[in-house]
Amino acid sequence: MTSPVVRFDRPEPDAFTRPYWDAAARGRLLLRRCRDCGRAHHYPREFCPHCWSEDVAWERASGDATLYTWSVVHRNDLPPFGARVPYVAAVVDLAEGPRMMTEIVDCEESRLAIGMALRVAFRQEDGEEAVPVFRPGDC
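Residues numbered from 1 in each chain as written. Predicted model: local features only at pLDDT ≥ 70, side-chain atom pairs only at ≥ 80, totals over all residues. Heavy atoms only, no water.

Engineer: Is there a simple way to explain the packing of aromatic side chains in this structure?
Structural biologist: Each aromatic ring pair is specified by the distance between its two centres and by the angle formed by the two planes. Considering all chains together, one arrives at four aromatic pairs under this definition. Ring geometry for Phe-16 against Trp-58: centres 5.7 Å apart, planes inclined by 35 degrees, an arrangement best described as tilted. Taken as a pair, Phe-16 in the segment before helix H1 (18-25) and Trp-58 in strand S3 (residues 56-60) lie far apart in primary sequence, 42 residues in all. Note on Trp-58: relative accessible area 26%, which makes it partly exposed. Across from the ring centre of Tyr-43, 4.1 Å away, lies the NZ or CZ of Arg-45, which sits over that ring. When the ring centre of Tyr-68 is taken as origin, the NZ or CZ atom of Arg-99, which lies over that ring, is 3.4 Å away. (Phe/Tyr/Trp six-rings, centres within 6.5 Å; stacked < 30°, edge-to-face > 60°. Helix = DSSP H or I, 4+ residues; strand = E, 2+ residues; numbered from the N terminus. Buried < 20%, exposed > 50% of the residue type's maximum accessible area, 1.4 Å probe, protein only. Lys NZ or Arg CZ within 6 Å of the ring centre and 35° of its normal.)

Engineer: For this particular structure, what's the right way to read the environment of Val-85?
Structural biologist: Residue placement: Val-85 occurs in the loop between helix H2 (81-84) and strand S5 (87-94). Residue Val-85 is classed as partly exposed on the basis of its relative accessible area, which comes to 28%. It is 32 Å that separates the C-alpha atoms of Val-85 and Arg-32, two residues lying 53 residues apart in sequence. Other than its neighbours up to four places away in sequence, Val-85 contacts Val-73, His-74, Arg-75 and Asn-76. (Contact = heavy atoms within 4.5 Å.)

Engineer: Where do I start with unusual backbone geometry in this structure?
Structural biologist: Of all residues except glycine, most have a negative phi; of all peptide bonds, most are trans. Residue Tyr-43 is bonded to the preceding His-42 through a cis peptide linkage, with omega at 15 degrees. Inspection of the secondary structure puts Tyr-43 in the loop between strand S2 (40-41) and S3. Each neighbour pair has its own omega, and for Val-85 with Pro-86 the value is -10 degrees, a cis peptide bond. Structurally, Pro-86 is set in the loop between H2 and S5. You will see that Trp-52, though not glycine, has its phi angle at about 70 degrees, which is positive. With respect to the secondary-structure elements, Trp-52 resides in the loop between S2 and S3. Taking the relative accessible area as the measure of exposure, Trp-52 reaches 60% and is therefore exposed.

Engineer: Looking at this model, I keep getting lost on the sheet that holds strand S1 (residues 30-34). Mind explaining?
Structural biologist: Each strand in a sheet pairs with another by means of backbone hydrogen bonds, the pair being arranged parallel or else antiparallel. A sheet is described by the order of its strands in space; here three strands give the open sequence S2-S1-S3, paired in antiparallel fashion. Whereas interior strands pair on both sides, the edge strands pair on one side only; in this sheet they are S2 and S3. For S1 and S3, the ladder comprises five bridges, and the chain directions are antiparallel. Residue pairing across strands places Arg-32 opposite Trp-58, the latter belonging to S3. (Pairing = 2+ DSSP bridges.)

Engineer: Which parts of the structure should I look at to understand the pairing of strand S7 (residues 117-123)?
Structural biologist: Every other side chain in a regular strand lies on the same face of the sheet, so the side chains alternate between the two faces. With three bridges joining them, strand S4 (residues 64-73) and S7 adopt antiparallel strand pairing. Bridge assignment links Ala-65 to a residue of S7, and that residue is Leu-118. As paired elements, S7 and strand S8 (residues 131-136) share six bridges and run antiparallel to each other. From the neighbouring strand, Ala-121 faces S8, where its bridge partner is Val-133.

Put into structure tokens, the structure is as follows:
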């Protein structure tokens with residue numbers, strides 16, 4: 001009997017984050033926005049990290065972003081990343097304001113540039129949760 005392979009890229013949805021993952025499965029990126037101070041944030045939290053208000057709500061993001069920084073990963077021994085190398089780990093500035101850690105796909109390393117326009121896409125493998133990734137905005 002073989003034990004299941006432990007993976008390090010799968011989200012663990014719970015009752016609070018379920019709307020986020022359900023929207024991702026439909027090709028939509030959600031953020032949380034504070035109804036008191038008006039600022040959006042990501043990753044999803046039950047309170048505003050800016051003013052600590054608990055009056056926050058889900059909001060559909062535009063899906064537009066710009067590249068803030070990136071690193072090309074050439075070695076990662078954790079499943080399933082080893083099969084994906086090289087890949088581009090990145091931080092993007094969402095149009096709504098928050099920064100988000102993600103992966104850049106469908107773009108040659110030589111084309112990457114700070115400030116380049118990006119558009120959200122979703123990777124979904126083997127019936128698992130859809131995960132937001134970004135590709136160049138001109139694709």
